[in-house]
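Structure assessment
In case you want the letters, here they are:
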Amino acid sequence: MLYLLDNSHLERGVELSNALISVIPTAQRRTLDPISSRVFFYFSRFFEVADRLSDARPALLSALQAATLAGMKETKAMLLTLLLRNYLHYKLYDQAERLTAKSSFPVDAPNNLLARYLYYMGYIEAIQLNYSQAQTHLLEATRKAPSNAATAGFQQTVHKIYVIVELLMGNIPERSLFRVPTLKKPLLPYLELAQAVRVGDLNKFQEVVSKYQDRFLKDSVLILIQRLRHNVIKAGIRSISTAYSRISLRDICLKLHLDSEEDAEYIVAKAIRDGVIDATIDHEKGFVQSADVHNVYETSDPQYAFDKRITFCLGMYNDSVKSMRYPGSDHRKELASAIEAIKRERELAQELENDDYDGDSDEDAMDEDL
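Every value quoted in this text rests on a predicted model; they were computed, and no experiment measured them.

Quantified by volume, the largest pocket comes out at close to 910 Å³. Lining the largest pocket we find 34 residues, and of these Arg85, Tyr119, Tyr120, Phe154 and Thr157 sit closest to its centre. Listed by contribution, the elements that provide at least two residues to the lining of the largest pocket are helix H3 (33-49), helix H5 (73-89), helix H7 (111-127) and helix H9 (152-168). It is H7 that provides the largest number of residues to the lining of the largest pocket, a total of eight residues. Within the lining of the largest pocket, the residues separate by chemical class into 17 nonpolar, eight polar and nine charged. Of the volumes computed, that of the second largest pocket is approximately 710 Å³. Taken together, 24 residues line the second largest pocket, and the ones lying closest to its centre are Thr136, Leu139, Arg143, Thr311 and Phe312. With 13 residues, helix H18 (residues 301-323) is the single largest residue contributor to the lining of the second largest pocket.

Where strand E1 (residues 246-248) lies against strand E3 (residues 287-290), three bridges are found, and the strand directions are antiparallel. The residue of E3 that forms the bridge with Ser248 is Phe287. What sits between the antiparallel neighbours strand E2 (residues 279-282) and E3 is a turn of four residues, in which Gly286 has the positive phi angle 70°.

Let us look at the pairing of E2. In the sheet, E2 pairs with E3 via four bridges, with the strands oriented antiparallel. What sits directly across from Thr280, in E3, is Gln289.

Together, Phe306, Ile310 and Leu314 make up an exposed nonpolar region whose accessible area comes to about 330 Å². Along the polypeptide, Leu314 turns up in helix H18.

Conventions we followed
- In this convention, every chain numbers its residues from 1, walking through the sequence in written order.
- This being a predicted model, a pLDDT of at least 70 is required before a residue's local features are given, and a value of 80 or more before pairs of side-chain atoms are given or counted; all residues contribute to the totals for chains, interfaces and linings.
- Note: side-chain values were computed over all heavy atoms of the structure, leaving out hydrogens and water.
- Note on definitions: the grid is 1 Å and covers protein atoms alone; a cavity is a set of points where a 1.4 Å probe fits but cannot get out; a pocket is an open set with protein on both sides within 12 Å along at least five of seven lines; lining residues have an atom within 4 Å of a point.
- Grid points are joined across faces, edges and corners, and a volume is the space filled by probe spheres set on the points.
- A run of DSSP states H or I qualifies as a helix once it reaches four residues; a run of E qualifies as a strand once it reaches two. Both are numbered from the N-terminal end.
- The residue classification treats Ala, Val, Leu, Ile, Met, Phe, Trp, Tyr, Cys and Pro as nonpolar and Asp, Glu, Lys and Arg as charged. All others, Gly included, are polar.
- Here, strands pair whenever DSSP counts at least two bridges between them.
- Nonpolar side chains (Val, Leu, Ile, Met, Phe, Trp, Tyr) are joined into patches within 5 Å and like charges within 9 Å, using only residues with over 30% relative accessible area and no salt bridge.
- Accessible areas in this description were obtained via Shrake-Rupley with a 1.4 Å probe; residue shielding takes into account the shown protein chains only.
- Put simply, a salt bridge is a Lys or Arg side-chain nitrogen that is within 4 Å of an Asp or Glu carboxyl oxygen.

From the geometry alone we can't say anything about function, so treat these as descriptive.
Here is the structure:
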């Protein structure tokens with residue numbers, strides 16, 4: 001299969017992989033689990049390179065059911081990642097979400113499969129607006145995958161989605177992330193994107209999107225980047241509210257490059273409702289009055305920050321406990337036999353002491369008779 005794939009003999013590879021996966025159900029043994037998972041990987045790869053990935057989906061679904069019933073954990077993990085890749089290739093996000101909801105990923109699966117599964121889960125949840133869960137899964141994917149030259153491509157792909165999710169959540173990624181040697185060049189467009197979102201410059205944001213549109217399409221992140229426009233406007237409104245205690249809607253419209261004052265009023269009202277800024281709008285006079293700046297420690301923001309950190313630490317602790325390996329129960333049998341041997345030795349010693357005491361009593365009686 002490797003020879004056919006390397007030499008682009010796709011049709012022969014498809015025939016060979018079809019023949020192999022038809023033999024696997026007749027010999028479902030757990031010892032064949034690693035080999036079976038690799039066979040299905042190259043089976044899907046042949047169809048993907050031949051641009052016929054949808055034709056492989058029925059075979060993968062039936063194989064997933066068979067692997068689940070047979071208890072072949074590595075094969076099940078591989079099939080889940082292949083099916084998620086299949087669905088994402090055709091943008092079938094709802095079907096991918098239903099698959100993850102109705103199936104469970106094996107706990108003791110290899111780290112490479114777990115990292116891929118977490119990446120697909122993070123991407124699906126980002127598409128479905130579950131940004132907090134997407135951030136958690138993407139961060140775990142980067143930690144599960146080894147950091148070496150062989151996995152540089154995977155790390156780059158995951159961090160591209162991770163940067164966008166951070167921006168969608170209202171956070172700005174750390175600058176050190178863009179200075180990693182393996183990530184510096186691939187994340188350059190995303191660095192410019194983050195800078196535009198940070199300063200709230202809508203014109204710069206649109207320039208970056210139009211400049212790197214082809215690359216964003218290739219990375220399949222343009223649909224997520226288009227959602228950032230509202231975040232850019234919110235960042236601009238936040239900076240304006242901090243800089244000005246009172247500003248007209250006309251000036252806001254000019255600074256944010258909006259079409260009309262009505263749009264500016266609507267966006268500011270939504271920002272006030274969402275808690276982005278603390279201000280009031282005077283509709284008749286057409287200006288925005290910012291409230292006095294309060295001490296942040298009098299708000300609930302520190303509580304939310306501590307809760308987020310505590311949740312992260314507890315999750316890491318639980319994952320560490322699950323990943324630990326404990327010895328089997330064989331040592332308990334040895335311990336029980338050792339305890340029984342000690343008891344027998346004590347009983348034997350007690351019997352010997354009793355025998356010695358009885359012998360001394362008989363000798364004393366014989367001396368008295370004499």
